[in-house]
Amino acid sequence: MRPALAASLRLLDGITQGLNVLGSVLILALMVLVGVDVAGRNLMGAPVAGVPELVTLSIVAIVFLQIPQALRAGRLTRSDALPQWLARTRPGLGRWLETLFDLISMAVVWVIVSTTWPIFTRAWERGEFIGAMGDFTAPTWPVKLTILVGGTMLTLQFAARILRRWVVLPASPSDGEGAH
Amino acid sequence: MTPFEIGLIALAAMFVTVLAGLFVPIALMVCSFVGVWAIKGSPLLASKLMALAANDAISSYFFGVVPLFVLMGFIVAEAGLGRDAFDVANAMFRRLRGGLGVGTVGANAIFAAITGISIASAAVFTKIAVPQMIRHGYTPRFAVGVVAGSSVLGMMIPPSLLLILYGILTEQSIGDLFIAGIGPGLLLAVFFAAGIVLMAIFTPGFVGRPEGAPEALPPRVLLAKGLPIASLIVLVLGGIYGGLFTPVEAGAVGAIGALLIGFALRRLTLAGLWRVLVETGLVTATVCFLIIAAQMYSRMLALSGVPAGLGAWAAGADLGFWGLMILYVLIVIALGMILDSSSIMLILVPLMLPVVVPMGVDLVWFGIVTVLAVEIGLLTPPFGISVYVIKATLDDPTITLADIFKGAAPFALIMLAVLALVIVFPVIAIGLVPGR
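So, how was this worked out
Residues numbered from 1 in each chain as written. Chains lettered and ligands numbered in written order. Predicted model: local features only at pLDDT ≥ 70, side-chain atom pairs only at ≥ 80, totals over all residues. Heavy atoms only, no water. Helix = DSSP H or I, 4+ residues; strand = E, 2+ residues; numbered from the N terminus. Rg over C-alpha atoms; globule rule 2.2 N^0.38 Å. Buried < 20%, exposed > 50% of the residue type's maximum accessible area, 1.4 Å probe, protein only. Contact = heavy atoms within 4.5 Å. Areas by Shrake-Rupley, 256 points an atom, 1.4 Å probe, with all protein chains shown as cover. Lys, Arg positive; Asp, Glu negative; His and termini not counted. Charge placed at Lys NZ, Arg CZ, Asp CG, Glu CD. 1 Å grid on protein atoms, 1.4 Å probe; cavity = no way out; pocket = protein on both sides within 12 Å on 5 of 7 lines; lining within 4 Å. Points joined across faces, edges and corners; volume = space filled by probe spheres on them. Nonpolar A, V, L, I, M, F, W, Y, C, P; charged D, E, K, R; others polar. Salt bridge = Lys/Arg side-chain N within 4 Å of Asp/Glu carboxyl O. Buried area = accessible area lost by both parts, 1.4 Å probe. Polar contact = N/O pair within 3.5 Å; in protein donor to acceptor, adjacent residues only side chain to side chain. Patch = residues over 30% accessible without salt bridge, like charges linked within 9 Å, V, L, I, M, F, W, Y side chains within 5 Å. Phe/Tyr/Trp six-rings, centres within 6.5 Å; stacked < 30°, edge-to-face > 60°.

For the rest of this paragraph, the subject is the overall build of chain A. In terms of regular secondary structure, chain A is built from five helices and two strands. Along chain A, helices and strands appear, N-terminal first, in the series α-α-α-α-β-β-α. Against the compact-globule benchmark of 16 Å for 180 residues, chain A has a radius of gyration of 21 Å, which places it well outside the compact range. If one aligns the C-alpha atoms of chain A with their principal axes, the spans along those axes are about 65 × 35 × 30 Å. The 180 residues of chain A split such that 42% are buried. The long-range fraction of contacts in chain A, counting pairs at least 24 apart against all pairs at least 6 apart in sequence, stands at 73%. Summed over its atoms, the accessible surface of chain A is roughly 9100 Å², and 69% of this surface lies on carbon and sulfur atoms. Separation of charge centres in chain A, based on 15 positive and 11 negative side chains, amounts to 9 Å.

In C-alpha cells form, the structure reads like this:
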C-alpha cells in the first residue's frame, strides 16, 4: 500500500514537472513570436498575422500549466507568519489548520474545473475560434483544455499535501516529524 | 442581509483568512464564490462567475507580455550585466565616503532601466554587492540593507511590471506611467545615495568602517563593461519612445536583446537559459493566478456595491483630499507588511478608483503614489518579499532576517520621505508626462 502511494506521488510530481516544461517552452515561443512581429513590422513593413491572438491565448495556457508546479515548489503567495508560529508552538493544531486550508483550496479549484468543462465541450463541438475569418483564426479549445488539466493537477497537488502531512511523514521514522 | 453588508463581510473574511495563512489567491476565490452565492442566492451563478474569470481575466495581449518582462529581468541577471553595472557605478563613486554603498544604488538605478522587477535586482546584487561591501569593512547588516533598499528602484524606474499592472487595472497609458516613474525613481536614488554618505559619516557604528576604495578601472575596460548595458537601455527605452514598438512589446525585444548580448559575451549557457525559463514560468504563474483571483474578487465587490458605497462615504465623510491620501498610504503600507506588492495593488486599486476618480485625481500620479507606497511594504516585516529573496540568495546563517529588516529600515524611511514629496509636489511625477 505504502510503496504504491509513494509511487503515485512521484508520478504526480513527474506530470506536474512535465506541464511546467511545456509552459516554459511556450514562454520562449511567445518571446520569439513577438520579436518576429516587431522585426517584421519595422524591417519589412509586414507584421505577422495573428500574433496578438496567439499571445492572448497562450498566456492563459502558460499560467494553468505552471501553477501546479508553483504550489509544489512552495511559491504560491501566502502570509506564513501564523502557520509558522503554530507549527512551532501548537504543531497538532497547525496541521489541522493547514489540512483545512488544503481542503478549501481543493474545493474552490474544483468548482472552477467543473464549471470550465461545459465551456470546453462547447468550444470543442462548435469549433470556437478567435481572430477574423480569412485573416487568421486559432481554435480556443486547447486553452480550455489546459485550464482543465492544470486545475485538476492543482487539486491533486493540494491532496498530495494532505497525504504527505498525515500518511507519508509520520510513518517514516527515518526522517521523523517536522523534517521537510 | 443587503448585498452591501455581504460585501463588507466578504472583505473582512478575506483579510482574516489571508492573515491566518490561507494562500492569497485561494482566499480571494473562496470569498468571491461565497459572496456572489450570498448576494445572488445561486451557487450556479457564483461558479459561473469564477469559471468565466479563470477563462478570460488574463486572456489579453497586455497580460501576455507579463512573462516576457519577467524573463527579460532574469536573462539580464543571468548574463552578468548586473556585475557590469556594479563595476561601472563603483568606478564613478569610488572616492566618496560610503562609495561602495552609493555604487550599489547607482548600479541598481542602471539595472532598473533594463529590468522591471525588484526581486531580480535583489537577487543579483545580493550575490555581487554584499560580499564586496563586507570585504571592504561595511557591517553585514548595512550591506544587506543597502541591497534591499536599492532593489525597489527596479519597480520605479521604467520599465516596471507594477506600473504595467496598474496601467491595465486603471486603463491608463503605460507609456505615460513609465515617464512618470523616472522623476521619483531618480529622486529616490539620489536620496538613497545622500543617506548612505550621511550615515557613513555620522553613524559609523551602523555602517562599519569602510577601508580602501575599489581599484580604478582603465577607460577601455569601463567602456567594455558599460557598452552592453547602455545599448540594451537604448534598445528598450529608445524603441518604446521612438515608436518602433509598444511598451507591451518591449519585454520581448528586451529579452531577445539580453539573450543576444549574453550569448555574444559567452556568459549565457543553454543550461542557464533553461533555469531562467523555469524560474520565469513559476513567477508568471504565481502573479497571474493572483490576478485571476483578484478579478473574481473585484467582480464580486462590484456586485455588492461596496466600492461605490465606499466612494459615497468618503465623499460624505469630509475626509478631504489630504485625509484620504494619508489614510490610503497608511493602509497600503500596513498591507505591505503581510502581502506582496501585486496582491496589494490588485486588492486595493479597484476599491479606491471609484473614490478618487470623482475627486479629479490624476490617475497617473496616483499610480506612482501607489507603487511607491506598495514598495515600502517590500522592506517592512514580516512579509517583505525583497528581504526574503535576499535571505534566500545569501545562504549565510550568520545574517538573520531581523538583520536585513533592521538594515533596510533607514531606506524604508527615506522612501517614506520621497513618497511625501511626490504627494505634496505631484510635478515630480507628472512634470515630464506630455499633455499634463
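Residues and elements named next belong to chain B. In this model, the second largest pocket occupies a volume close to 270 Å³. Surrounding the second largest pocket, 15 residues form its lining, L310, I331, L348, L351 and M352 being those nearest its centre. Taken together, the elements giving at least two residues each to the lining of the second largest pocket come down to α1 (3-20), α17 (306-316), α18 (320-336) and α19 (341-356). Of the residues contributing to the lining of the second largest pocket, the split by class is 15 nonpolar, no polar and no charged.

We now examine the pattern of salt bridges. Residues and elements named next belong to chain A. Taken as a whole and judged by the stated rule, the model has 14 salt bridges over all chains. Between E98 and R161 there is a salt bridge, with the nearest N and O atoms lying 3.6 Å from each other. Of the two residues, E98 sits in helix α4 (residues 91-126) while R161 sits in helix α5 (residues 141-171), which places them 63 residues apart along the sequence. Residue class for E98 comes out buried when judged on its relative accessible area of 17%. Put simply, E128 and R122 hold a salt bridge, and the shortest N to O gap is 3.4 Å. Sharing partners across several salt bridges, the network here consists of E98, D102, R161 and R165.

Attention now goes to empty space enclosed by the protein. Inspection of every chain in the model, using the stated rule, returns one cavity of 30 Å³ or more. What the largest cavity holds in volume is close to 30 Å³. Lining of the largest cavity is provided by F64(A), V109(A), I112(A), G151(A), L154(A), M29(B) and F289(B). Secondary-structure elements contributing two or more residues to the lining of the largest cavity are α4 and α5 of chain A. Residue composition of the lining of the largest cavity, by class: six nonpolar, one polar and no charged.

Moving on, we come to the environment of G262(B). All names here are of chain B. Summarising the element assignment, G262 is placed in helix α15 (residues 247-264). Remark: the alpha-carbon pair of G262 and E78, spanning 184 residues in sequence, is separated by 8.0 Å. Beyond its immediate chain neighbours, meaning those up to four positions away, G262 contacts A79, R267 and L268.

Another point: the interface of chain A and chain B. With 53 residues of chain A at the interface, the matching set in chain B holds 55 residues. Ranking the residues of chain A by area buried against chain B places M31(A), R75(A) and T77(A) at the top, with a combined share of 15%. Taken together, the connections running from chain A to chain B amount to two salt bridges. The interface formed by chain A and chain B holds six residue pairs in polar contact (both at pLDDT 80 or more) in total. For the side of chain A that touches chain B, the elements supplying multiple residues, two or more each, are α1 (2-43), α2 (51-72), α3 (81-89), α4 and α5 of chain A.

Here we come to a nonpolar patch on the surface. Residue and element names in this part refer to chain B. A contiguous nonpolar surface patch, about 630 Å² in accessible area, is contributed by W322, I326, L330, V424, F425 and V427. When residues in the nonpolar patch are grouped by element, the largest group, three residues, is from α18. The topology assignment puts L330 in helix α18. Since its relative accessible area comes to 55%, L330 is described here as exposed.

Turning next to the packing of aromatic side chains. The description of an aromatic ring pair rests on the distance of the ring centres and on the angle between the ring planes. All names here are of chain B. Tallied over the full model, the rule gives 13 aromatic pairs over all chains. Judged by centre distance (5.7 Å) and plane angle (80°), the rings of F142 and F206 are edge-to-face. Within this pair, whereas F142 is found in helix α9 (residues 140-151), its partner F206 is found in helix α13 (residues 204-207), the two being separated by 64 residues in sequence. Judged by its relative accessible area of 0%, F142 falls in the buried class.

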